[in-house]
Amino acid sequence: MDLELASLTPLERYKLIIGLVVPRPIGWVSTWNENGVANCAPFSFFNAISEDPPLCILSFNFRSDGQVKHTLKNIRRTGEYVVNLVDESTANAMHLSSYEIPETESEFAQTGLTPVPALKVKHPRIGEAAACFECRVERRIEFGPQRELVIGEILLVHAREGIIDPKTKRISEENYRPIGRLFASRYCTTRQRFDLPGEIP
Ligand SMILES: Cc1cc2nc3c(=O)[nH]c(=O)nc-3n(C[C@H](O)[C@H](O)[C@H](O)COP(=O)(O)O)c2cc1C
């Protein structure tokens, strides 16, 4: 089957792209809004894209009422944010925090999450998250009226005890159990791992 994307509706393109590019990592972004309400929401058009400089990318569309997502609003206002990484223990809270709620209400309060002060940016990290990146906006790129990319410089990595080996900086496969997004409300764990022969640099 060959499908030319120009002949498809945005929803059809969305279904194809998110169904084929799986699993996707989830950037669970936490910010304060201008009135001090703690906000968090998941984004799976997310990835790490470079280590020198250390960069990650997020991609935003708009809320169903056509308004800018609260996360993006807070990022635009402050130039900073925290990207939390999602593991099996926080999967449910992450999913619930994706519901569109008014700006006056907090996803932290609604899902029982704890806002903890970050060290390098003026936003909260999610206390229950396995790990997080404290980020400063490096670049924002608008694609038409419906899509905005945010590339962030990762200033600091925080992780729950036992995830990073302090000496080697290796991540513990035993203690870090990230999940990935498939499509709709479907996710996967990363439990089945395998090696291929041969050394890579
Ligand atoms: C797993 C998951 C991944 C998502 N990925 C994205 C994404 O990459 N970009 C986006 O704009 N919305 C994405 N969403 C939807 C947002 O999380 C949702 O619109 C949320 O209400 C935004 O909250 P905010 O207005 O507080 O920023 C995703 C939702 C889920 C459950």
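In this report, the structure presented in the accompanying data block is examined. All of these numbers come straight from a predicted model, not from anything done at the bench. (Residues numbered from 1 in each chain as written. Predicted model: local features only at pLDDT ≥ 70, side-chain atom pairs only at ≥ 80, totals over all residues. Heavy atoms only, no water.)

1. A short note on the overall build of the protein chain
Check the secondary structure of the protein chain and you find four helices and 11 strands. For the protein chain, whose C-alpha radius of gyration is 17 Å, the value lies close to the compact-globule estimate of 17 Å for 201 residues. By principal-axis analysis of the C-alpha atoms, the protein chain measures approximately 50 × 45 × 30 Å. Burial status across the protein chain gives 40% buried among its 201 residues. Contacts in the protein chain between residues at least 24 apart in sequence constitute 60% of all its contacts with a sequence separation of at least 6. (Helix = DSSP H or I, 4+ residues; strand = E, 2+ residues; numbered from the N terminus. Rg over C-alpha atoms; globule rule 2.2 N^0.38 Å. Buried < 20%, exposed > 50% of the residue type's maximum accessible area, 1.4 Å probe, protein only. Contact = heavy atoms within 4.5 Å.)

2. A word on the nonpolar core
Within the largest apolar cluster, 23 residues are counted, with the highest numbers of intra-cluster contacts made by Leu 58, Tyr 81 and Val 83. If you list the elements that add at least two residues to this core, you get strand 2 (38-43), strand 4 (54-60), helix 2 (70-78), strand 5 (80-85), strand 8 (131-143) and strand 9 (147-159). Membership of the second largest hydrophobic core comes to 12 residues, among which are Ala 38, Val 86, Ala 93 and Phe 108. (Core = buried A, V, L, I, M, F, W, Y, C linked by side-chain atoms within 4.5 Å.)

3. As for the pattern of salt bridges
A full pass over the atoms with the stated rule returns 10 salt bridges. For Glu 34, the salt bridge is made with Arg 77, and the minimal N-O distance between the two is 3.8 Å. One end of the pair, Glu 34, is in the loop between strand 1 (27-32) and strand 2; the other, Arg 77, is in helix 2, and 43 residues separate them in sequence. Through salt bridges that share partners, Arg 76, Arg 140 and Glu 148 make up one connected network. (Salt bridge = Lys/Arg side-chain N within 4 Å of Asp/Glu carboxyl O.)

4. Here we look at the side chain of Ser 30
Here Ser 30 is to be found in strand 1. Given the relative accessible area of 0%, Ser 30 is considered buried. A distance of 2.6 Å separates a polar atom in the side chain of Ser 30 from the backbone oxygen of Pro 124. In contact with Ser 30, other than residues within four places in its own chain, are Asn 39, Cys 40, Tyr 81, Val 82, Asn 84, Phe 108, His 123, Pro 124, Arg 125 and Ile 126. (Polar contact = N/O pair within 3.5 Å; in protein donor to acceptor, adjacent residues only side chain to side chain.)

5. Overview of the pairing of strand 1
With five of its six residues buried, strand 1 lies for the most part within the structure. Strand direction decides the pairing type here: strand 1 and strand 2, joined by six bridges, are antiparallel. Note that in strand 2 the partner of Thr 31 across the bridge is Asn 39. With antiparallel pairing between neighbouring strands as the criterion, strand 1 and strand 2 make up a hairpin whose turn holds five residues, including Gly 36 at a positive phi of roughly 80 degrees. Here four bridges tie strand 1 to strand 5, and the two strands are oriented antiparallel to one another. (Pairing = 2+ DSSP bridges.)

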